[in-house]
Amino acid sequence: MTTAIKTARIYHDHHHTQAHAQVSLDYDGRFLRRKMLATDDGEAFLVDLAQTKSLDHGGVLVLEDGRKIEIIAAPEELLEVRGDNLLRLAWHIGNRHTPCQIEQGRLLIQRDHVIRDMLQKLGAEVGEVVEPFTPEGGAYGHGRTHGHTH
């Protein structure tokens, strides 16, 4: 007997009850509309949202049977940016429409050798780290920044 694949058609950016399972996704993997996924325990499920969404760390997908699957930001290869003038460095990163996680004393961006070179020429200290990536959302409350309509 084959078990039917459950479908998640509802997403909430937060939850207040215990989730049934978790799914760990990197930054790019958290931007989706329709895709087959598997929980961290290996349970397959289909995500079928009405429109493309940027899923937040800590958000939940709700399966058709009411069970909730929590979204976890998976560790990924990033660049850690430090320097005396983080505001200037952040401006240059933003000017290139590069997603950026802003923290006290450092910035995190996805690994990119061109951006790394630019930042080092601007005096930044750039190192490689592996951590979850939860960059700032886009303007006007949207989860991703884009230079044009998507």
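Our subject is the structure listed above.
S.K.: Describe the nonpolar core, listing the residues and the values that go with them.
M.R.: The biggest cluster of nonpolar side chains holds 14 residues, and the ones touching the most others in it are Phe45, Val47, Leu49, Leu55 and Leu61. Put simply, the parts of the chain that give this core at least two residues each are strand 1 (6-12), strand 2 (21-25), strand 3 (31-38), strand 4 (44-54), strand 5 (60-63) and strand 6 (68-73). Per element, the largest residue contribution to this core is 3 residues, and it comes from strand 4. For Leu49, the residues in contact, after removing those within four places along its chain, are Ala8, Arg9, Ile10, Tyr11, Leu32, Arg33, Leu55 and Leu61.

S.K.: Give a description of unusual backbone geometry that names residues and reports values.
M.R.: Backbone geometry places His97, a non-glycine residue, at a positive phi of 55°. Take His97: it is sitting in the loop between helix 1 (86-95) and strand 8 (101-103).

S.K.: Now, about the sheet that holds strand 9 (residues 106-110): what can you tell me, with residues and values included?
M.R.: In spatial order, the strands read 8-9-7-10; together these 4 strands make up an open sheet with antiparallel pairing. In the strand order of this sheet, the two ends are held by strand 8 and strand 10 (125-132), each with one partner. Here the strands of the sheet are splayed against their neighbours by 30° on average, with no regard to which way each runs. The sheet contact formed by strand 7 (residues 75-82) and strand 9 spans 4 bridges and is antiparallel. The residue bridging Leu78 from the neighbouring strand is Gln110, located in strand 9. Against the sheet, helix 1 touches strand 7 and strand 9, its axis set at about 20° to strand 9. Where helix 2 (residues 113-121) meets the sheet, its contacts fall on strand 7, strand 9 and strand 10, and the angle it forms with strand 10 comes to roughly 135°.

S.K.: Can you break down the environment of Tyr11 residue by residue, with the values?
M.R.: Counting through the fold element by element, Tyr11 comes out in strand 1. Classification of Tyr11 as buried rests on a relative accessible area of 14%. Not counting residues up to four positions away in its chain, the partners in contact with Tyr11 are Leu49, Lys53, Ser54, Leu55, Asp56, Gly59, Val60, Leu61 and Ile71. Here Asp56 takes part through its backbone nitrogen, which lies 2.7 Å from a polar atom of the side chain of Tyr11.

Each value, and the rule that gives it
Sequence order sets the numbering: in each chain, residues are counted from 1 along the sequence as written. Under the rules for a predicted model, residues below a pLDDT of 70 receive no local features and side-chain atom pairs below 80 are neither given nor counted, while totals for whole chains, interfaces and linings still include all residues. To obtain the side-chain values, all non-hydrogen atoms of the structure were used and water was disregarded. Residues grouped as a nonpolar core are buried Ala, Val, Leu, Ile, Met, Phe, Trp, Tyr and Cys residues, joined through side-chain atoms within 4.5 Å. Think of it in three bands: with a 1.4 Å probe and only protein chains considered, a residue is buried below 20% of the maximum accessible area for its type, exposed above 50%, and partly exposed in between. In this text, helices come from DSSP runs of H or I with a minimum length of four residues, and strands from runs of E with a minimum of two, each type numbered from the N-terminal end. Residues count as neighbours in contact if any of their non-hydrogen atoms are within 4.5 Å of one another. If DSSP finds at least two bridges between two strands, the strands pair. Axes here mean lines fitted to C-alpha atoms, for a helix over just the part in contact, with angles spanning 0 to 180 degrees between N-to-C directions. In protein, a polar contact requires one atom able to donate a hydrogen and another able to accept it; more generally it is a pair of N or O atoms within 3.5 Å, and residues adjacent in sequence count only if both atoms are side-chain atoms.

Scope: geometric values only; no functional claims are made or implied.
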